[in-house]
Amino acid sequence: MFDEIMEKFEGSPSQQAVIRLLLERGFSVNDEGRVVSGGIEIPNTGIAREVDVDRRVVDSTTDVILDDDELRRIFQNISQVPSLMDLAPVLDLTVLAIEVEDPDATGVVATVCSLIADHDVSIRQTISEDPEFTDEPRLYIVTDEDLPGALITEVRDLAFVRKIELQ
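Enquirer: Account for the overall build of the protein, with residues named and values stated.
Expert: For the protein, the helix and strand inventory stands at eight helices and seven strands. Within the protein, buried positions represent 41% of all 167 residues. For the protein, contacts bridging at least 24 residues in sequence account for 66% of all contacts bridging at least 6. On the protein, roughly 9,600 Å² of surface is accessible, and the fraction owed to carbon and sulfur atoms is 45%.

So this is what it looks like as structure tokens:
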């Protein structure tokens, strides 16, 4: 899906940058073509500054979104989920980031969460990036406590795991 969305803007790298930001941040586009988060409007100048484009590029991108039925459905219904990952150092939480060989494989989240539960570690949050919307999706698990070495080894040794990181 991500590739299909980006193809609609393939002639404009600047518009692609705006689209990428909207998807990454979970920003919606309302009927008036304004970028919003929930009911809060985000100024086009702020969006433009973040991705280093002219504000008019944001305007033209939202116009294209509203003129395309598929894009309209996506961008009028997208929303963001609060993440504990950036707060982890402040709240003394542990974040386990996992890259897998095949992001479309079934059972990845269930297997990892079962291993964590087997070690009596409580999970505060899981975030699984959608392979349709990102090039290298990761699974993030946020826990209240440090992960035991044996658990880290078990996760690392799973056949589908390419790489793990502790944050």
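Enquirer: Residue-level account of the packing of helix 2 (residues 13-25) against helix 3 (residues 44-51), with values.
Expert: When two helices pack together, their arrangement is captured by the angle between the axes and the distance separating the axes. Between helix 2 and helix 3, the least distance of the axes is 10 Å, while the angle of their chain directions is 105°. Comparing their axes, helix 3 and helix 2 come out roughly perpendicular. Two secondary-structure elements touch here, helix 2 through Ala17, Val18, Leu21 and Arg25 and helix 3 through Ile47, Glu50 and Val51. Class assignment of the residues belonging to the contact of helix 2 with helix 3 gives a composition of five nonpolar, no polar and two charged.

Enquirer: Which residues make up the nonpolar core, and what values go with them?
Expert: Membership of the largest hydrophobic core comes to 26 residues, with the highest contact counts inside it found for Val18, Ile19, Leu22, Ile47, Ile65 and Phe75. Elements with a minimum of two residues in this core: helix 1 (2-7), helix 2, helix 3, helix 4 (55-67) and helix 5 (69-75). The leading source of residues in this core is helix 2, at six residues. In this structure, Ile98, Ile116, Leu139 and Ile152 belong to the second largest nonpolar core, which totals 18 residues.

Enquirer: Residues and numbers for helix 8 (residues 149-156), please.
Expert: Taken as a whole, helix 8 has its buried residues at Leu151, Ile152 and Val155. Seen end-on, helix 8 carries its buried residues on one side only, within an arc spanning 100°. On its buried face, helix 8 sits against strand 4 (94-100), helix 7 (108-118) and strand 7 (161-166).

Enquirer: Give me the sheet that holds strand 5 (residues 123-128): which residues, what numbers.
Expert: One open sheet holds the four strands; their spatial order is 5-6-4-7, and the pairing between them is antiparallel. In this open sheet, the two edge strands, each paired with only one partner strand, are strand 5 and strand 7. Sheet twist, expressed as the mean angle between neighbouring strand axes with direction ignored, is 15°. Pairing analysis gives six bridges linking strand 4 to strand 6 (residues 138-143), with the strands arranged antiparallel. When the bridges of strand 6 are listed, Ile98 appears paired with Leu139. Relative to the sheet, helix 7 contacts strand 4, strand 5 and strand 6, its axis offset from that of strand 6 by approximately 25°. Helix 8 rests against strand 4 and strand 7 of the sheet, and its axis sits at about 150° to strand 7.

Enquirer: Could you give me a rundown of the environment of Asn44, with the residues and numbers involved?
Expert: In this fold, Asn44 is placed in helix 3. Along the chain, Asn44 and Leu93 lie 49 residues apart, while their C-alpha atoms are 35 Å from each other. In contact with Asn44, not counting residues within four places along its chain, are Arg34, Val35, Arg55, Val58 and Asp59.

Enquirer: Describe in detail the sheet that holds strand 1 (residues 28-29), supporting the description with residues and values.
Expert: Read across the open sheet, the three strands follow the order 1-2-3; overall the sheet is antiparallel. Looking at strand neighbours, the two that pair on one side only are strand 1 and strand 3 (40-41), the edges of this open sheet.

Enquirer: Can you explain the pattern of salt bridges? Please cite residues and give values.
Expert: Per the stated rule, a full pass over the model turns up twelve salt bridges. The residue Glu70 makes a salt bridge to Lys8 at a minimum N-O spacing of 3.3 Å. Note that Glu70 is positioned in helix 5 and Lys8 in the loop between helix 1 and helix 2, a separation of 62 residues in sequence. With its nearest N and O atoms 3.5 Å apart, the salt bridge here joins Asp157 to Arg156. Overall, the relative accessible area of 52% leaves Asp157 in the exposed class. Among the residues examined, Arg156 registers a relative accessible area of 45% and is labelled partly exposed. Three or more residues are tied together by salt bridges with common partners; here these are Lys8, Asp68 and Glu70.

Calculation criteria
- All residue numbers here refer to positions counted from 1 along the written sequence of the relevant chain.
- Only residues with pLDDT of 70 or above have their local features reported here, since the model is predicted, and side-chain atom pairs are shown and tallied only from 80 upward, although totals for entire chains, interfaces and linings are computed over all residues.
- Only hydrogens and water are removed before side-chain values are computed, so all heavy atoms of the structure are retained for them.
- Starting at the N terminus, helices and strands are each numbered in turn, a helix being any DSSP run of H or I of at least four residues and a strand any DSSP run of E of at least two.
- Partly exposed describes any residue whose relative accessible area lies between the buried limit of under 20% and the exposed limit of over 50%, with all areas from a 1.4 Å probe on protein chains only and scaled to the type maximum.
- We call two residues in contact whenever any of their non-hydrogen atoms come within 4.5 Å of each other.
- In these tables, accessible area is a Shrake-Rupley quantity obtained with a 1.4 Å probe, and a residue counts as shielded only by the protein chains included in the view.
- Lines fitted to the C-alpha atoms define the axes, with helices restricted to the stretch that makes contact. Angles between their N-to-C directions range from 0 to 180 degrees.
- Throughout, the term roughly parallel applies to angles under 35 degrees, roughly antiparallel to angles over 145, roughly perpendicular to angles from 65 to 115, and oblique to all others.
- Side-chain classes are defined by residue name, with Ala, Val, Leu, Ile, Met, Phe, Trp, Tyr, Cys and Pro counting as nonpolar, Asp, Glu, Lys and Arg as charged, and the others, Gly among them, as polar.
- For our purposes a nonpolar core is just a set of buried Ala, Val, Leu, Ile, Met, Phe, Trp, Tyr and Cys residues, chained together by side-chain atoms within 4.5 Å.
- Note that the arc is computed from the directions linking the helix axis to the C-beta atoms.
- In this description, strands pair whenever DSSP reports at least two bridges between them.
- By salt bridge we mean one thing: a side-chain nitrogen of Lys or Arg within 4 Å of a carboxyl oxygen of Asp or Glu.

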